[in-house]
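These are the residues of each chain, in order.
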Amino acid sequence: MAQSGSPLTFNVRRNPPELIVPAKPTPRDFKPLSDIDDQEGTRFQVSMILFYGQNPKMENKNPASVIREALANVLVFYHPFAGRLKEGPARKLMVDCTGEGVLFIEAEADVTLKQFGEALYPGRASL
């Protein structure tokens with residue numbers, strides 16, 4: 001566990017960004033957002049980093065490859081997520097279902113989640 005007051009230093013190797021496209025062709029259409037989803041106050045991007053712990057069932061499998069394949073497969077059924085937001089008449093937002101894909105960036109670090117301490121690794125008691 002990380003000790004308070006001592007900085008945790010580690011190296012991160014980040015791969016170049018890539019687009020994950022649907023595994024099969026998807027319809028090309030436009031989907032207008034609902035009035036609830038098209039509010040001026042919700043027009044911002046949320047960046048996130050997802051951490052995945054080790055799973056014994058995934059031994060000998062590359063986690064990033066599994067995620068890439070699963071994402072490509074699910075985008076067939078949720079194809080608007082592989083599209084792009086466009087602004088139409090009267091600033092109405094719509095999804096242009098282009099099938100261009102979603103951004104995916106793989107990274108690896110020479111540190112474990114446990115080394116970050118309780119903030120990122122709550123342990124079994126909290127689950």
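Each value, and the rule that gives it
Residues numbered from 1 in each chain as written. Predicted model: local features only at pLDDT ≥ 70, side-chain atom pairs only at ≥ 80, totals over all residues. Heavy atoms only, no water. Salt bridge = Lys/Arg side-chain N within 4 Å of Asp/Glu carboxyl O. Buried < 20%, exposed > 50% of the residue type's maximum accessible area, 1.4 Å probe, protein only. Helix = DSSP H or I, 4+ residues; strand = E, 2+ residues; numbered from the N terminus. Pairing = 2+ DSSP bridges. Contact = heavy atoms within 4.5 Å. Axes fitted to C-alpha atoms, helices over the stretch in contact; angles between N-to-C directions. pLDDT = per-residue confidence, 0-100. Patch = residues over 30% accessible without salt bridge, like charges linked within 9 Å, V, L, I, M, F, W, Y side chains within 5 Å. Areas by Shrake-Rupley, 256 points an atom, 1.4 Å probe, with all protein chains shown as cover. Core = buried A, V, L, I, M, F, W, Y, C linked by side-chain atoms within 4.5 Å.

*Asks:* Got a sec to walk through the pattern of salt bridges? Specific residues and values, please.
*Replies:* Within this structure, the stated rule accounts for 13 salt bridges. A salt bridge links Asp-38 to Arg-43; its shortest N-O distance comes to 2.7 Å. With a relative accessible area of 26%, Arg-43 lands in the partly exposed category. In this structure, the salt-bridge partner of Glu-87 is Arg-91, at a minimum N-O distance of 3.2 Å. Looking at Glu-87, the relative accessible area reads 46%, which means it is partly exposed. When salt bridges with common partners are traced through the structure, they connect Asp-35, Asp-38, Glu-40, Arg-43, Glu-87, Arg-91 and Lys-92 into a single cluster.

*Asks:* Lay out the pairing of strand 5 (residues 93-96) with the relevant residues and their values.
*Replies:* Burial along strand 5 is two-sided: the face carrying Leu-93 and Val-95 and the face carrying Met-94 and Asp-96 are both buried. In terms of strand pairing, strand 3 (residues 30-32) meets strand 5 through 3 bridges, oriented antiparallel. Along strand 5, the bridge assignment pairs Phe-30 with Asp-96. Between the end of strand 4 (residues 84-87) and the start of strand 5, which pair antiparallel, lie 5 residues, with Ala-90 showing a positive phi angle near 60°.

*Asks:* Explain the side chain of Asp-38 to me, and be specific about the residues and the numbers.
*Replies:* Along the chain, Asp-38 falls in the loop between strand 3 and helix 1 (63-77). The class of Asp-38 is buried, set by a relative accessible area of 14%. For Asp-38, the residues in contact, after removing those within four places along its chain, are Leu-33, Arg-43, Arg-91, Lys-92 and Leu-93.

*Asks:* Residues and numbers for the sheet that holds strand 3, please.
*Replies:* Across a sheet, paired strands are connected by hydrogen bonds in the backbone, their directions being either parallel or antiparallel. Taking strand neighbours across the sheet as the criterion, the 3 strands line up as 3-5-4 in an open arrangement whose pairing is antiparallel. At either margin of the open sheet sits one strand with a lone partner, and together these are strand 3 and strand 4. Adjacent strand axes in the sheet meet at a mean angle of 35° when their direction is disregarded.

*Asks:* Lay out the confidence of the model for the protein with the relevant residues and their values.
*Replies:* Mean pLDDT for the protein: 87, with 89% of residues reaching 70 or above. Taken element by element, the predicted model of the protein shows its lowest mean pLDDT in strand 7 (residues 107-109) (90) and its highest in strand 2 (residues 18-20) (97).

*Asks:* Would you mind going over unusual backbone geometry in detail, with residue names and values included?
*Replies:* Phi at Asn-60 takes a positive value of approximately 70°, unusual for a residue other than glycine. In this fold, Asn-60 is placed in the loop between strand 3 and helix 1. If you check the backbone angles, Ala-90 has positive phi at about 60° while not being a glycine. Locating Ala-90 in the fold gives a position in the loop between strand 4 and strand 5. Residue classification places Ala-90 among the exposed positions, given a relative accessible area of 80%.

*Asks:* Please set out a nonpolar patch on the surface residue by residue, giving values where relevant.
*Replies:* A contiguous nonpolar patch, built from Phe-44, Val-46, Met-48, Leu-50 and Tyr-52 and spanning about 630 Å² of accessible area, is present on the exposed surface. For Phe-44, a relative accessible area of 58% gives the class exposed.

*Asks:* How would you summarise the nonpolar core if you had to cite specific residues and measurements?
*Replies:* Ranked by size, the top nonpolar core spans 7 residues in total: Ile-20, Ala-64, Ala-72, Leu-75, Ala-82, Val-102 and Phe-104. Contributing elements (two or more residues each) for this core: helix 1 and strand 6 (102-104). If one sorts the elements of this core by residue count, helix 1 sits on top with 3 residues. Not counting residues within four places of it along the chain, the set of residues in contact with Ala-72 comprises Ile-20, Val-21, Pro-22 and Ala-23.

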